[in-house]
Each structure stands twice: as C-alpha cells, then as structure tokens.
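Each chain, letter by letter, is given below.
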Amino acid sequence: MNSEKASPIISRFIRAYVLTARIFFRYVFLFLANKIFSQSFLESQWKKAHQRTARSIKKNILILKGIFIKVGQMISIMTHFLPESITQELEGLQDAVPPTPYPEVEKQFLQEFKKPPHVYFAKFEKTPIASASLGQVHVAHSHQGVKLAIKVQYPNIDKIVYSDLKILRRICSLLDLFFPQYGIKKTYQEIREVILEELDFQNEGKNLELIEKNLKEHTEIVFPKVFWEHSTSKILTLEFMDGIKISNLEGLKQLQIDPRDVAEKIIHAYCKQIFIDGAYHADPHPGNFLVRAVKSPDTQKTQPEIVMIDFGAVAYISEPMRKGMARFMEGVIKRDNVIISQAMKDMGFISGPQSEEVFDKIVEFFYERLKDINFDEIKNFKLDKLENIEEILEFRKLDISFRDLFQSFNVPKEWALLERSLILLVGLTTHLDPKLDPMGIIIPYAEQFVLGKDRTFADLVTDTVKEVLLGYLKLPTELQRSLKLLNQGEIKIRLKENSQNAKTISRALNRLTYSILGLGSFGIAYNLQQSAFSHYQWFYYSSVVFSGLLLLNFLKREK
C-alpha cells in the first residue's frame with residue numbers, strides 16, 4: 001500500500017497524535033471562552049470549529065488510510081450525537097477512498113498465488129472499479145470466460161491495521177482520562193473487534209452465503225457466487241454482477257423501474273434479516289446495492305432485481321438482545337417504564353449492577369417526559385447543544401449529574417451496529433421514495449418478532465387492558481391469590497353475611513366479571529371484524545354496556 005511508503009509507522013503515529021491534540025485544544029479553548037465572550041459570538045466560533053475539525057479529520061484520514069477511513073465512516077453516521085457540519089463533511093468517505101497502484105495489487109497476488117494477476121486469470125483490469133479501507137475491487141475474466149470481481153487486500157494492511165489500532169488505543173486512553181463518562185475504551189474494543197474480523201476476506205464469503213441462504217425465498221434479491229478455489233483470506237473472487245447503482249433515480253426510470261418498488265423490497269429483505277433471521281447485512285449504503293431489470297415469468301412485466309454486494313460487515317442479534325428488544329417493544333405498547341427499564345438491562349444498556357438505581361431513575365424520568373412526545377420531535381432530536389440541557393431535563397431534582405448519566409448507560413455493540421444500519425437504510429429508502437411509509441411493511445414482522453407466530457397485537461392489547469383494569473381494582477395480595485386459585489377450580493368461597501370483607505370481595509368480583517365480559521366482547525368483535533364477519537358491531541355494543549356497568553360499580557358509594 002503506497003501510504004506505507006509515504007507515511008511510515010512513526011509518521012502515522014505523529015500525524016494521528018498531532019491531529020488529536022489540535023482538535024482537543026481547539027475545543028478546550030472554546031469551553032474556557034464560554035465564560036468570557038457573548039453567546040452570539042461563541043455560536044459562530046463553535047460552527048467554525050466544527051467545520052475546521054471536519055476538514056482536518058477528512059484530510060488526514062485520506063492520507064493515513066487504513067483503519068482511520070473505517071473510523072471516519074463510523075463517525076459520519078453518528079448524526080444524533082455529533083454536529084451536522086462534522087458528519088456531512090465525513091459522509092464523502094463512504095465513496096472517496098483513493099485506490100492503490102497496480103504494482104501493490106500484483107505484489108499481493110504473488111504472495112497468495114505465486115502468479116501475477118494477468119497470468120492467474122485470462123484477463124485482469126489494472127484500474128479498480130471500487131476501493132475501500134482494506135482493499136479494492138478489480139474486474140477479471142477466468143480462463144473459462146467467466147467475468148469476475150476480484151477483491152484484493154492491500155499488501156501489509158494487516159501490519160498497518162495492528163499498528164493503527166495501537167495508536168487508536170493510546171488516543172482513546174488519553175481521551176478517556178478527560179472524558180471517562182463516555183465509555184471511550186469500550187468503544188475502542190468494539191471497533192477493534194469489527195476491524196479484525198473484516199481483515200479475513202473468507203469471513204466475507206461466508207457472510208454472503210449465509211445471507212443468501214436466509215433470503216432464498218426473496219427471489220428479487222440476488223447475490224454473487226463465491227469462487228472459493230480462487231479465494232484466500234486476502235483475496236476474494238466473486239461473480240461479477242451487472243446493474244446500476246440503487247440511488248440512480250434517472251437510471252431506474254430509464255429501466256422502467258418504480259423506485260418505491262425497490263425501496264419496499266429492500267425493507268422486506270431487512271425486516272426478514274433483523275426480525276426473523278437475527279443476522280443482517282450491516283452496511284446498507286447505496287454503493288452496496290445494484291439494480292437491474294428482469295421480466296416477470298408470469299406477467300412478462302419489468303420488475304427490479306436487487307443485487308447485494310460487500311458483506312464485510314454482517315452483524316448478529318444475540319438471544320439476550322433479541323428478547324430484550326421484544327420486551328422493550330412490549331413495554332412501550334403497555335406504557336410500562338418498569339418493563340422498559342428491565343428490557344434495556346437485558347439488552348446490555350446498563351454499565352453494571354452498581355448503576356441499577358440511577359439507571360431506573362433515568363429511564364423513568366425520560367419515559368415520563370417522552371411518552372406523549374410527537375414522533376417527528378424525537379427523530380429530529382440531537383445532542384450537539386448541551387449548554388442548558390441539564391436545566392431543561394431538571395436532572396437536579398433527581399440528584400443525578402451527567403456524569404452519572406453516562407456512567408450508568410452503556411451502548412452495546414449490537415445496538416450501535418443496528419442503529420447505524422437503520423440510519424443508512426432509512427436514508428436509502430427515503431432517497432428512493434420520500435413519501436414511503438415503511439410501517440405497513442414493518443408491523444407484521446415486528447408483530448411476529450415480539451409475539452411469536454401464534455399471537456397478534458390484538459391479543460397483546462387485550463392482555464394489556466386486562467392488566468390495567470386489574471391494577472385499578474386495587475385488590476389485596478391475598479385476594480389476587482384467591483382469584484388465581486378460583487380460576488383453577490381449587491377454592492371454595494364462603495362469605496359471612498353483613499361482613500365488610502364480604503362486601504369488598506363481592507364488589508371486587510363484580511368488577512372483575514364486568515371487566516372480563518367487556519374485554520371478551522371487545523376481543524370477539526375485533527376478531528370478527530378482521531375476518532369480515534357480519535354483525536360484529538353487537539359485540540362492540542356489549543363491550544360498551546359492560547364497561548358502563550364497571551364504571552357505575554366504581555362510582556357507587558359504599559353503604
């Protein structure tokens with residue numbers, strides 16, 4: 001790799017540290033100036049500082065290459081945590097990786113196959129068609145005439161990666177001294193795991209075949225074939241796939257392909273991967289999808305066929321994360337912050353047992369303030385203006401500082417990768433069709449994910465209403481236990497006449513009866529309506545009647 005000659009290990013070390021120091025002192029100065037200069041002046045200075053920081057980061061990343069490109073790409077999608085002026089500048093790193101000269105590629109072939117590319121293959125294009133942080137792609141033809149896409153790892157990139165990881169570790173350790181609340185060391189460990197896994201190109205081939213197997217029923221999604229006999233850990237040989245870039249709206253129009261149809265198919269494929277399979281392509285930016293037109297065998301109409309490429313990043317959803325996500329969604333539906341808090345703990349959002357009390361307080365605090373907020377306000381929420389946020393959130397009433405907040409919360413790697421993927425996916429589908437509402441596609445998958453195959457959201461809503469009504473009954477623990485035994489047919493009830501306890505139990509049983517009859521009528525009506533059965537309205541009327549009786553029972557004065 002030419003950057004190795006232009007920037008030896010010691011030079012890379014110095015450049016990375018100097019860049020970090022310049023950025024660090026730039027913002028330290030602004031923090032100190034906060035008490036001296038006016039607010040309007042500081043706002044303009046903060047904006048200029050963000051712009052200078054973004055430009056200097058991008059410039060140095062393109063010089064250093066290696067894993068710093070990967071880190072820059074990760075920073076570019078942190079749109080909810082970093083200023084827009086920084087993330088926008090770094091977005092170009094997704095497609096702006098400069099290629100390495102052909103002699104370096106030939107050197108890698110000689111190390112792996114003992115032959116130069118033009119001998120190993122019948123034809124090999126010296127100019128790459130794509131380049132990334134760890135390697136680049138060349139077009140070739142096999143001796144059998146098959147057109148191929150050859151992904152070649154840069155020579156000695158593994159040594160550079162290990163060296164860069166040491167530099168990055170030292171920088172993260174230094175930043176952790178000043179900002180221990182952000183969990184920078186843990187973030188470094190997660191970045192390290194992702195990058196080291198991507199160093200082995202054979203993992204990418206296995207990832208490709210796994211996703212292809214999982215999506216075999218989605219015939220509109222196609223994958224390149226892996227030629228294992230021509231692949232190693234540093235060179236991956238794939239079938240060359242034709243197609244136009246998925247973001248090329250004009251090209252889709254010329255192919256008579258509806259962009260909305262493409263977006264819907266992408267959403268279906270990702271819902272299947274995330275909610276059903278638990279393994280998904282974790283880098284859905286436009287460069288990793290191609291589209292081509294095919295004729296439907298049944299209608300002979302033109303329809304899109306989507307090619308998925310570049311499987312260096314495939315993420316998995318573990319069973320604890322899966323169960324926690326399902327439980328979290330259930331808590332949101334039931335509006336129960338206790339369930340939400342426990343679900344987040346199960347997913348790994350809590351940094352340790354010692355933080356549980358603070359964690360519960362924070363979850364309850366945010367839940368009470370966000371439960372009725374408009375969705376558009378949430379998706380536009382950003383954390384880049386923190387000057388008065390502590391007062392806005394009234395954390396002082398909870399006796400919780402921002403240090404407590406950040407030390408209590410831990411963002412699991414699984415969640416970070418999923419969030420990154422969803423941000424990229426939303427951006428892609430919005431580009432294809434800004435008016436598309438994906439919820440109609442997502443809900444059936446989410447329903448199966450949360451409830452399993454045998455339950456629906458209607459069942460969950462019914463259970464939720466039942467739990468709420470039982471809570472309003474305010475029954476003693478002993479009575480709830482008795483009702484459970486009664487339901488099992490294991491208890492007999494004998495009431496003393498004129499007893500106050502008897503009256504209390506009688507009223508409670510009446511309320512429970514009205515609740516069950518009302519919920520039962522509502523459930524029957526809902527299911528009959530979904531089945532297009534006539535006269536379902538009568539069950540809705542019955543539900544209203546029983547609800548009225550329940551209300552009267554609550555309002556009735558004790559004699």
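Refer to the structure printed above.
Residues numbered from 1 in each chain as written. Predicted model: local features only at pLDDT ≥ 70, side-chain atom pairs only at ≥ 80, totals over all residues. Heavy atoms only, no water.

## What to know about a nonpolar patch on the surface
What counts is decided by this rule: Like-charged residues are merged into a patch within 9 Å and nonpolar side chains (Val, Leu, Ile, Met, Phe, Trp, Tyr) within 5 Å, provided each residue has over 30% relative accessible area and no salt bridge. Using the Shrake-Rupley algorithm and a 1.4 Å probe, accessible areas are obtained, with residue cover drawn only from the displayed protein chains. A pair is scored as a salt bridge if a Lys or Arg side-chain nitrogen falls within 4 Å of a carboxyl oxygen belonging to Asp or Glu. Comment: elements are numbered from the N terminus, with helices defined as DSSP H or I runs of at least four residues and strands as E runs of at least two.
On the surface, a cluster of nonpolar side chains totalling about 430 Å² of accessible area is made up of Phe29, Ile36, Phe37 and Phe41. Position of Phe41 among the secondary structure elements: in helix 3 (residues 39-64).

## Some points on the sheet that holds strand 5 (residues 221-222)
Just so we agree on the cut-off: A pair of strands is treated as paired once DSSP finds two or more bridges between them. Every residue pair with non-hydrogen atoms within 4.5 Å of one another is taken to be in contact. Axes here mean lines fitted to C-alpha atoms, for a helix over just the part in contact, with angles spanning 0 to 180 degrees between N-to-C directions.
Taken in spatial order, the four strands make up an open sheet running 5-10-9-7, and their pairing is mixed. Looking along the sheet, the strands with just one partner apiece sit at the ends: strand 5 and strand 7 (244-245). Both strand 7 and strand 9 (residues 289-295) contribute to a ladder of two bridges, which runs antiparallel. Across the sheet, the residue bridging to Lys245 is Leu290, located in strand 9. Along the sheet, helix 12 (residues 259-277) makes contact with strand 5, strand 9 and strand 10 (302-308), crossing strand 10 at roughly 45°.

## Re helix 12
Filter applied, for reference: Expected helix span is given by 1.5 Å per residue-to-residue step, counting one fewer step than there are residues. Each polar contact in these results corresponds to two N or O atoms within 3.5 Å; when the atoms are within protein, one needs to be able to donate a hydrogen and the other to accept it, and residues that are neighboring in sequence are counted only if both atoms are side-chain atoms.
Here helix 12 is 19 residues long and its end C-alpha atoms lie 26 Å apart, about the 27 Å a rise of 1.5 Å per residue gives. Its side-chain oxygen at 3.1 Å from the backbone nitrogen of Arg260, Asp258 defines the N-terminal cap of helix 12. Positive phi shows up at Gly278, right after helix 12, with a value of about 80°.

## So, the nonpolar core
Note the cut-off: In plain words, nonpolar cores are sets of buried Ala, Val, Leu, Ile, Met, Phe, Trp, Tyr and Cys residues tied together by side-chain atoms within 4.5 Å. Burial here depends on accessible area, computed with a 1.4 Å probe over protein chains only, as a share of the maximum for the residue type. Under 20% is buried, over 50% is exposed, and the range in between is partly exposed.
Residues Phe223, Ile246, Phe289 and Met308 are the most contacted members of the largest nonpolar core, which totals 48 residues. The element that contributes the greatest number of residues to this core is helix 12, accounting for nine residues. Aside from chain neighbours lying at most four places away, what touches Met308 is Leu215, Ile221, Val222, Phe223, Pro224, Tyr270, Gln273, His281, Asn288 and Phe289.

## Thoughts on unusual backbone geometry
Not every positive phi belongs to a glycine, and Asn156 is a case in point at roughly 65°. Within the fold, Asn156 resides in the loop between strand 4 (147-153) and helix 8 (157-178). Here the phi dihedral of Gln256 falls at roughly 60°; this positive angle occurs in a residue that is not glycine. According to the relative accessible area criterion, Gln256 is exposed, its value standing at 65%.

## As for the pairing of strand 3 (residues 135-141)
Summarising burial for strand 3: six of the seven residues are buried, a large majority. Note that strand 1 (residues 123-124) and strand 3 share two bridges and pair antiparallel. If you follow Lys123 over to strand 3, its bridge partner there is His141. By the bridge criterion, two bridges tie strand 2 (residues 130-131) to strand 3 in an arrangement that is antiparallel. Bridge pairing in strand 3 links Ala130 to Val137. What sits between the antiparallel neighbours strand 2 and strand 3 is a turn of three residues. Counted along the chain from strand 3 to the antiparallel partner strand 4, the turn is five residues long, and its residue Gly145 has a positive phi close to 90°.

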